[in-house]
Amino acid sequence: MKNRILFLSLFIVTMVLFSSCDEEGNLNFFTVEQDVEFGEEFHAQLLQDQTYPIIPEASAPEAYTHLRRIRDALLQSENIRYKTEFSWDVYLIDDPETLNAFCVPGGKMYFYTGIIKYLENEAQFAGVMAHEMAHADKRHATNTMTKTYGFSILLDALLGDDPALLADIAADLALGLGELKFSRDHEYEADEFAVKYTNDASGENDYYPKGIADFFIKMGTQTTSLEFLSTHPDPGNRIDAINTVWTELGSPTGSTTDAIYVSRYNEFKSSLPSK
Ligand SMILES: [Zn+2]
């Protein structure tokens, strides 16, 4: 028994040593490859689910071109750690009533047509996309899973009670990802890095990071029944935090209502299938 306890302690210490911690100290028992696998699993389930009507690329090629153009600009950021490891695939969900977007582990991102139509310029939309990218790059979903399941996974894996446990958890995660609520800390971190990504991309694309704050200002004037606010709470303090980050970075502060933002964004909006 003594030996077993010793072995157990050593095993746990080893697991903790080998599990990754990012620069912000977010502990994660899962591997980067598992993030990618969970995302693939979720996507496969999503394709079977009528709740998420994905617009096929062939139905809206121009809209997908706009999405990828904005994504590629943000991916230039040196602050994105898993630039090559993650797929960063983008998808449109045909639902003009839903003002939301989400991202799954491994970088796949989903944007409801409702939020694209609701926003007014590309800076705001780039802010939303950058925020979702940050949740994926900081591995917030598997960090949350580590907090929820981490220790029991270690014990069960060690004792061999339930070899299918990881698969079950992956399935649970996949079912709940679209509704996943991140912690306050995760939301603030996603905002902070969204500012950094847009700041890094701002040279060629004029993605003034203040567009992220503009987005919350716009959302904040709406009713609290908006889906984005139910999964992304507390807009007021976040506006202040966002403004602090871009001010400290010395980001460009051009007007987010500049003609190029609006005209290019209007082209994007009008390329969406009308419903
Ligand atoms: Zn968020």
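From a predicted model like this one, the values you see are computed outputs, not experimental measurements.

Novice: What exactly am I supposed to notice about the overall build of the protein chain here?
Specialist: Check the secondary structure of the protein chain and you find twelve helices and five strands. The proportion of buried residues among the 275 residues of the protein chain is 40%. A separation threshold of at least 6 residues defines the contact pool for the protein chain, and within that pool the share at least 24 residues apart is 73%.

Novice: Got a minute to help me understand the environment of Asn237 in this structure?
Specialist: Tracing the sequence through the fold places Asn237 in helix 11 (residues 235-249). Owing to 12 C-beta atoms within 10 Å, Asn237 belongs among the exposed residues under this scheme. In sequence terms Asn237 and Tyr188 are 49 residues apart; their C-alpha atoms lie 9.5 Å from each other.

Novice: Just to check I follow, could you spell out unusual backbone geometry for this structure?
Specialist: Comment: phi is negative for the bulk of residues other than glycine, and the bulk of peptide bonds are trans. For Trp88, which is not a glycine, the phi torsion comes out positive at approximately 55 degrees. Residue Trp88 is classed as buried on the basis of its 22 C-beta neighbours within 10 Å. Phi angles above zero are rare outside glycine, and Arg139 is one such case at about 55 degrees. Secondary-structure assignment places Arg139 in the loop between helix 5 (122-137) and helix 6 (140-159). Accessibility expressed as a C-beta count within 10 Å gives 24 for Arg139, which makes it buried.

Novice: Can you walk me through the confidence of the model for the protein chain in this structure?
Specialist: When pLDDT drops low, the exact placement of atoms in the prediction is not to be read closely. Looking at the protein chain, the pLDDT average stands at 78 and 68% of residues meet or exceed 70. In the predicted structure, residues 5-18 sits below a pLDDT of 50 and forms five contacts with residues beyond four places in sequence or in another chain.

Novice: Is there a simple way to think about the nonpolar core in this case?
Specialist: As a rule of thumb, nonpolar side chains are buried together in soluble globular proteins. In this structure, Leu74, Phe111, Ile115, Met129, Met133 and Tyr197 are the most contacted members of the largest nonpolar core, which totals 60 residues. For this core, the element with the highest residue contribution is helix 5, accounting for nine residues. Here Leu74 is in contact with Ala126, Met129, Ala130, Met133, Tyr197, Thr198 and Ala201, once residues within four sequence places are set aside.

Novice: Explain the sheet that holds strand 4 (residues 101-103) to me, please; I cannot follow it from the model alone.
Specialist: Pairing between the strands of a sheet is mediated by backbone hydrogen bonds and can be parallel or antiparallel. Overall, mixed pairing links the three strands, which are arranged 3-5-4 in an open sheet. The sheet is open, and its two edges are formed by strand 3 (90-93) and strand 4, each paired on a single side. Between one strand axis and the next, the sheet turns through 15 degrees on average, direction left out of account. On the sheet, helix 5 packs against strand 4 and strand 5 (109-112) and is oriented at approximately 25 degrees with respect to strand 4.

Novice: Would you mind going over the packing of helix 3 (residues 61-74) against helix 5 with me for this structure?
Specialist: How two helices sit against one another is set out by the angle between their axes and by the gap between those axes. For the pair helix 3 and helix 5, the least separation of the axes is 10 Å and the interaxial angle reads 65 degrees. Relative to helix 5, helix 3 is oriented so that their crossing is right-handed. Together, Ile70, Arg71 and Leu74 of helix 3 and Glu122, Phe125, Ala126, Met129, Ala130 and Met133 of helix 5 make up the contact between the two elements. Of the residues that constitute the contact of helix 3 with helix 5, the class distribution is seven nonpolar, no polar and two charged.

Novice: Would you take a moment to explain helix 2 (residues 32-47) for this structure?
Specialist: Every α-helix carries 3.6 residues per turn, so stepping three or four residues along brings you back to the same face. Spanning 16 residues, helix 2 covers 23 Å between terminal C-alpha atoms, matching the ideal 22 Å at 1.5 Å per step. Along helix 2, the positions that sit buried rather than exposed are Asp35, Phe38, Gly39, Phe42, His43 and Leu46. Looking straight down helix 2, one finds its buried side chains confined to an arc of 135 degrees; they lie on one side. Away from its buried face, by an angle of more than 90 degrees, helix 2 presents the exposed residues Glu33, Ala44 and Leu47.

Novice: Teacher, can you tell me more about the pairing of strand 5 here?
Specialist: Looking along a regular strand, one sees side chains alternate from face to face of the sheet. Of the two faces of strand 5, the one holding Met109 and Phe111 and the one holding Tyr110 and Tyr112 are both buried throughout. Hairpin geometry of strand 4 and strand 5 is characterised by an intervening segment of five residues between the two adjacent antiparallel strands and by a positive phi of about 90 degrees at Gly106.

Novice: Teacher, can you tell me more about the environment of Pro209 here?
Specialist: Among the secondary structure elements, Pro209 is positioned in the loop between helix 8 (184-205) and helix 9 (210-220). Since 30 C-beta atoms lie within 10 Å of it, Pro209 is described here as buried. A sequence separation of 37 residues divides Pro209 from Trp246, and the C-alpha atoms of the two residues are 6.4 Å apart.

Parameters and conventions
Residues numbered from 1 in each chain as written. Predicted model: local features only at pLDDT ≥ 70, side-chain atom pairs only at ≥ 80, totals over all residues. Helix = DSSP H or I, 4+ residues; strand = E, 2+ residues; numbered from the N terminus. Buried ≥ 20, exposed ≤ 12 C-beta atoms within 10 Å, placed from the backbone. Contact = placed C-beta atoms within 7 Å. pLDDT = per-residue confidence, 0-100. Core = buried A, V, L, I, M, F, W, Y, C linked by C-beta atoms within 7 Å. Pairing = 2+ DSSP bridges. Axes fitted to C-alpha atoms, helices over the stretch in contact; angles between N-to-C directions. Left-handed = near helix turned anticlockwise from the far one by under 90°. Nonpolar A, V, L, I, M, F, W, Y, C, P; charged D, E, K, R; others polar. Expected span 1.5 Å × (residues − 1). Arc of directions from axis to C-beta.

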